[in-house]
Every structure is written in C-alpha cells, then in structure tokens.
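# Summary of the model geometry
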Amino acid sequence: MQKEKFKVINFIRELLVNIDKNLENFPKKDIEIKNRIRNTSYDLLELVYEANAIENIQEKSELLNKSIAKVKVIDFLINLSYDKQIINNKRYLKFGESMDEIIKYLTGWKKSINN
C-alpha cells in the first residue's frame, strides 16, 4: 500500500484495509451493516481528499465537518456490530483505535484552519 504524506489519509486507508479483512464473516441478515460501514468509509476517504484539495476555508471546514460526521456514523455501525456480537472485542478495540486517530487528526486539522 502506498503511503501518503498526509497522515489522516493513511489512517483512513488502514481503516479500509481493516474493514476488508475483519468484516468478511458478516451474517447474511446483517450484510447491510457491513456494506454501510464499507461505503461510508470510502465516502470519508473521498471527503478528506476533497478537503485537502480545496482552497476555500469555509468549504474546507464544511467538508471536515462532514468527514467527522462520517467517522461517527462508522463508529456507530461498528458499535452496532459489536453489540450484535458480529465482531469480537479485539476487532472492536482495533476499530475504535482507528476511529480515535482519525477523529483526532480531523478535529486538529479543522482547528488549525479556523485559527
């Protein structure tokens, strides 16, 4: 996997790899949760790339807000998967760490552009 200079993109890419590896055994009845996690993660990656490329501070801030919201949706869906006992504690904690890192970088980025 190619490394980006932009750290938050690396964290999102790692999250996508983890999602593909760790969510393969979803029961058919809960496949929609898996698809939502995957699709929302790709949407997050797209939003962050877009925010990085845009110059307008207001638009960049809006994209970062949307990105933070996407991370929270992914976090909710992973939490739901854990509650339904689809993923185990180890995977849940690993996803949680990824979410924490992504949120930390996104909020830091947002604060830096608003100052």
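Residues numbered from 1 in each chain as written. Predicted model: local features only at pLDDT ≥ 70, side-chain atom pairs only at ≥ 80, totals over all residues. Heavy atoms only, no water.

### Digging into the overall build of the protein
Across its full length, the protein holds four helices and zero strands. Traced from its N-terminal end to its C-terminal end, the protein shows the element sequence α-α-α-α. Residues counted as buried form 39% of the 115 residues belonging to the protein. Once local pairs closer than 6 in sequence are excluded, the contacts in the protein between residues at least 24 apart make up 68%. (Helix = DSSP H or I, 4+ residues; strand = E, 2+ residues; numbered from the N terminus. Buried < 20%, exposed > 50% of the residue type's maximum accessible area, 1.4 Å probe, protein only. Contact = heavy atoms within 4.5 Å.)

### A short note on the pattern of salt bridges
Counted according to the given criterion, the structure contains four salt bridges. Salt-bridge contacts for lysine 84 lead to aspartate 30; the nearest nitrogen and oxygen are separated by 2.9 Å. Taken as a pair, lysine 84 in the loop between helix H3 (57–83) and helix H4 (89–114) and aspartate 30 in the loop between helix H1 (7–22) and helix H2 (31–53) lie far apart in primary sequence, 54 residues in all. Residue classification places lysine 84 among the partly exposed residues on the basis of a relative accessible area of 44%. Exposure remark for aspartate 30: the relative accessible area of 6% places this residue in the buried category. Residue lysine 70 is joined to aspartate 43 by a salt bridge in which the shortest nitrogen-to-oxygen separation is 3.5 Å. You can see lysine 70 sitting in helix H3 and its partner aspartate 43 sitting in helix H2, a full 27 residues away along the chain. (Salt bridge = Lys/Arg side-chain N within 4 Å of Asp/Glu carboxyl O.)

### Quick word on the packing of H1 against H2
Packed helices, taken two at a time, are described by the angle their axes make and the gap between the axes. Running from N to C, H1 and H2 cross one another at 165°; their axes reach a closest spacing of 10 Å. Between H1 and H2, the crossing angle belongs to the class labelled roughly antiparallel. The element H1 and its partner H2 pack so that their crossing is left-handed. Contacts between H1 and H2 involve Val8, Ile9, Ile12, Arg13, Leu15, Leu16, Ile19 and Asp20 from the former and Ile37, Arg38, Ser41, Tyr42, Leu44, Leu45, Val48 and Tyr49 from the latter. Of the residues assigned to the contact of H1 with H2, the class counts are twelve nonpolar, one polar and three charged. (Axes fitted to C-alpha atoms, helices over the stretch in contact; angles between N-to-C directions. Parallel < 35°, antiparallel > 145°, perpendicular 65-115°, else oblique. Left-handed = near helix turned anticlockwise from the far one by under 90°. Nonpolar A, V, L, I, M, F, W, Y, C, P; charged D, E, K, R; others polar.)

### Focus: the packing of aromatic side chains
Scanning the model with the defined rule gives two aromatic pairs in all. Centre to centre, the rings of phenylalanine 11 and tyrosine 105 are 5.2 Å apart; their planes meet at 40°, and the pair counts as tilted. Here phenylalanine 11, found in helix H1, pairs with tyrosine 105, found in helix H4; they are 94 residues apart in sequence, far enough to count as distant. On the numbers, 4.2 Å between centres and 15° between planes, the contact of tyrosine 82 with tyrosine 92 is stacked. Here tyrosine 82, found in helix H3, pairs with tyrosine 92, found in helix H4; they are ten residues apart in sequence, far enough to count as distant. Looking at tyrosine 92, the relative accessible area reads 23%, which means it is partly exposed. (Phe/Tyr/Trp six-rings, centres within 6.5 Å; stacked < 30°, edge-to-face > 60°.)

### Some thoughts on the nonpolar core
Formed by 32 residues in total, the largest nonpolar core has its most connected members in Ile12, Ile37, Leu44, Val48, Ile102 and Leu106. If you list the elements that add at least two residues to this core, you get H1, H2, H3 and H4. With sequence-adjacent residues up to four places away left out, isoleucine 102 is seen in contact with Val8, Phe11, Ile12, Leu15, Leu44 and Val71. (Core = buried A, V, L, I, M, F, W, Y, C linked by side-chain atoms within 4.5 Å.)

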